[in-house]
Amino acid sequence: MNIAAAVAAYRHCRRWWIAYSGGVDSHVLLHALAQLRDTEKNLPPLSVIHINHQLNPRASDWAQHCQTVCAQLGIELVIETVNVVRDGGAGIEAAARIARYAAFEKHVLKDELLLQAHHADDQVETLMLRLLRGSGVAGLAAIPPARSLGQGELLRPLLTVTRAEILAYAQQHQLQWIDDDSNNDAHFDRNFLRLQVLPRIAERWPAYRNTLARVVEQAGEASLLIEALAAHDFALASADDGGLNIAAYLELSSERRRNVLRYWLQQTRLPLPTRAQLQQIESMVDARIDAAPCVRWVGAEVHRFRGNLYAQPALPPLRGDIDTEWPIGAELAVSGLGILTASRTMGQGLRADRNYHVRNRRGGERCKPIGRAHSQTLKKLMQERAVQPWLRDRLPLIYCGDELAAVANLWICAGFAAHSDQPGWLIDWRLSL
């Protein structure tokens, strides 16, 4: 186990964080890095992070064990206690992972590195699970050896080391580690594979780890090629405002369309749709030219408007009529309508000598924007401005008394614009999703 070679390319980092559960895998990684620190100069400082998921009755004892080990090694320890959302629909293992990585991203800063103790057997188990769940090529690449993590980076230096080699190292150095009793519960899919399935496979195909490692490597290479093709197609099909141009999209083959759709949604960092939902998005391109269809799933939605597709986080619901005072110099956050701010200016913007309040759109409102001869309905103005339909009811309307003074940061109505010698407010609006 050559830990020095595995981490050599990361000596430039400002700090190395070690993810330490107290189990044998992470204890071996911690011990090996502490040994490296004691024998080599100019390594980044080491810190340890332990995540307490509060899921096991012995969780506090595990945290105490980690404190003892880190004190003996003279390494700083941070214990982060997280709340795992049990009813989020993703399952307890997935929920714990989400909470864990959020904590990692909180502590691992720019130019810092998190080291995790995933090993070759973990890689095999992950590949098998993804095969059984019907993952695509990217999923079959299983656990990447390195990737970005928030502002920092993540490295798994033991990914080619087997569990047997890790146990041999731990016994050789007489390490004391935690045995998590939940690892013996075959109710969990990963444990079932490790305890009951893979031992039988090993009896028939003793070299299965090496064989499946080649599958992972080949899938990783294929995934990179697929992503490169998607990036090329997306550059041709992307719209200037971040949407996906349907005309350019339709010039691609059906396989490349699905590929670029997945790539586009990944770039937005939204939850990915199921295959059925992806097919629904594909069918949106055949909608009538005047239609504005939408496909929704948990945490995300895709709209069609004027020849483009648009993806965004799910919009919060609008709840009844809104009417709230706005001390215009202060930031105003209104649920469903987003956030309004204003900066002082002179000779432009909204008049500064009036008091304002904010309402939501209720229908029939009219505005005579600066430079226009007549007032028009907001519906007409928004159609002319190509305001996306799903945003139209979410534009905050700024009133002075009972008169409409401005519409978000789009229009100032006649009579409420600052004159050349008057102070004014420049309005900024963003929809908080």
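Residues numbered from 1 in each chain as written. Predicted model: local features only at pLDDT ≥ 70, side-chain atom pairs only at ≥ 80, totals over all residues. Heavy atoms only, no water.

A. The overall build of the chain, seen in detail. Along its length, the chain carries 14 helices and 21 strands. Here the C-alpha radius of gyration of the chain, 28 Å, is well above what a compact globule of 433 residues would show, namely 22 Å. Projecting the C-alpha coordinates of the chain onto the three principal axes gives extents of approximately 85 × 50 × 40 Å. Counting only residues that meet the buried cut, the chain has 45% of its 433 residues in that class. Excluding contacts between residues fewer than 6 apart, the proportion of contacts in the chain whose partners are at least 24 apart in sequence is 67%. Of the charged side chains in the chain, 48 are positive and 46 negative; the average position of the first set lies 4 Å away from that of the second. (Helix = DSSP H or I, 4+ residues; strand = E, 2+ residues; numbered from the N terminus. Rg over C-alpha atoms; globule rule 2.2 N^0.38 Å. Buried < 20%, exposed > 50% of the residue type's maximum accessible area, 1.4 Å probe, protein only. Contact = heavy atoms within 4.5 Å. Lys, Arg positive; Asp, Glu negative; His and termini not counted. Charge placed at Lys NZ, Arg CZ, Asp CG, Glu CD.)

B. Spatial organisation of the sheet that holds strand S3 (residues 76-81). The mixed open sheet is built from six strands, whose spatial order is S3-S2-S1-S4-S6-S5. Strand pairing shows two members of the sheet lacking a second neighbour, S3 and strand S5 (146-149), which therefore form its edges. Sheet twist, expressed as the average angle between the axes of neighbouring strands with direction ignored, equals 25°. As paired elements, strand S1 (residues 15-19) and strand S2 (residues 46-52) share four bridges and run parallel to each other. Looking at S2, one finds that Trp 17 is bridged to Ser 47. With respect to the sheet, helix H2 (residues 24-39) is in contact with S1, S2 and strand S4 (112-115), its orientation differing from that of S1 by roughly 155°. (Pairing = 2+ DSSP bridges. Axes fitted to C-alpha atoms, helices over the stretch in contact; angles between N-to-C directions.)

C. Structural context of the pattern of salt bridges. All told, the structure shown has 22 salt bridges when counted by the stated rule. Here Glu 76 and Arg 15 are joined by a salt bridge, their closest N and O atoms 3.7 Å apart. Here the residue Glu 76 occupies a position in strand S3, and Arg 15 occupies one in strand S1, the gap between them amounting to 61 residues. Judged by its relative accessible area of 22%, Arg 15 falls in the partly exposed class. Across the pair Asp 233 and Arg 256 runs a salt bridge whose closest N-O atoms are separated by 2.6 Å. In this pair, Asp 233 sits in helix H9 (residues 208-237) while Arg 256 sits in helix H11 (residues 254-267), placing the two residues 23 residues apart along the sequence. Members of the salt-bridge network, linked through shared partners, are Asp 121, Asp 122, Glu 125, Arg 163, Arg 190 and Arg 209. (Salt bridge = Lys/Arg side-chain N within 4 Å of Asp/Glu carboxyl O.)

D. Seen up close, the state of the cysteines. All told, the structure shown has one disulfide when counted by the stated rule. A sulfur-sulfur distance of 2.3 Å marks the disulfide that ties Cys 367 to Cys 413. Between Cys 367 and Cys 413, the S-S dihedral sits near -125°, and the bridge is therefore left-handed. Linking Cys 367 in strand S16 (residues 366-367) with Cys 413 in the loop between strand S20 (411-412) and strand S21 (423-430), this pair joins segments that are 46 residues apart in sequence. Taking the relative accessible area as the measure of exposure, Cys 367 reaches 2% and is therefore buried. The cysteine Cys 13 is free of any disulfide, with Cys 70 supplying the nearest cysteine sulfur at 20 Å. The class for Cys 13 is buried, based on a relative accessible area of 5%. (Disulfide = S-S within 2.5 Å.)

E. Geometry of the side chain of His 27. Relative to the assigned elements, His 27 resides in helix H2. Not counting chain neighbours up to four residues away, the residues in contact with His 27 comprise Tyr 20, His 65, Val 69, Leu 175, Gln 176 and Trp 177.

F. Unusual backbone geometry, seen in detail. With a phi close to 60°, Ala 142 is a non-glycine residue in the positive phi region. Looking at the element boundaries, Ala 142 is found in the loop between helix H6 (137-140) and S5. One non-glycine residue, Arg 306, lies in the positive phi region at around 45°. Here Arg 306 falls in the exposed class, since its relative accessible area comes to 52%.

G. Representation of the packing of aromatic side chains. Counted under the stated rule, the structure contains four aromatic pairs. Pairing Tyr 101 with Phe 104 gives two aromatic rings, centres 5.5 Å apart and planes at 85°, and the pair type is edge-to-face. Taken together, the residues span about one helical turn, with Tyr 101 and Phe 104 both in helix H4 (residues 92-107) at a distance of three residues. Look at Tyr 101 and you get buried, because its relative accessible area is 8%. Judged by relative accessible area, which is 2%, Phe 104 ranks as buried. Three or more aromatic residues joined by ring pairs form one cluster here, namely Phe 305, Tyr 310 and Trp 390. One residue, Arg 204, lies across the ring of Trp 205, its end atom 5.9 Å from the ring centre. Sitting over the ring of Tyr 249, Arg 257 keeps its end group 5.9 Å from the ring centre. (Phe/Tyr/Trp six-rings, centres within 6.5 Å; stacked < 30°, edge-to-face > 60°. Lys NZ or Arg CZ within 6 Å of the ring centre and 35° of its normal.)

H. Looking closely at helix H13 (residues 378-385). Buried within H13 are the following residues: Leu 378, Leu 381 and Met 382. The buried residues of H13 occupy an angular sector of 95° when the element is viewed end-on, so they sit on one face. Where H13 is buried, its residues touch S16, strand S17 (376-377), helix H14 (389-392), strand S18 (397-400), strand S19 (403-407) and S20. (Arc of directions from axis to C-beta.)

I. Layout of the pairing of S21. Here eight bridges tie strand S13 (residues 338-346) to S21, and the two strands are oriented antiparallel to one another. Each bridged residue has a counterpart across the sheet, and for Ser 343 the counterpart in S21 is Leu 426.

J. Seen up close, the packing of H2 against helix H3 (residues 59-73). With their axes 11 Å apart at the nearest point, H2 and H3 run at an angle of 15° to one another. Classified by the angle their axes make, H2 and H3 are roughly parallel. Note on packing geometry: the crossing formed by H2 with H3 is right-handed. Where H2 approaches H3, its residues His 27, Leu 30, Ala 34 and Arg 37 are matched on the opposing element by His 65, Val 69, Cys 70 and Leu 73. (Parallel < 35°, antiparallel > 145°, perpendicular 65-115°, else oblique. Left-handed = near helix turned anticlockwise from the far one by under 90°.)

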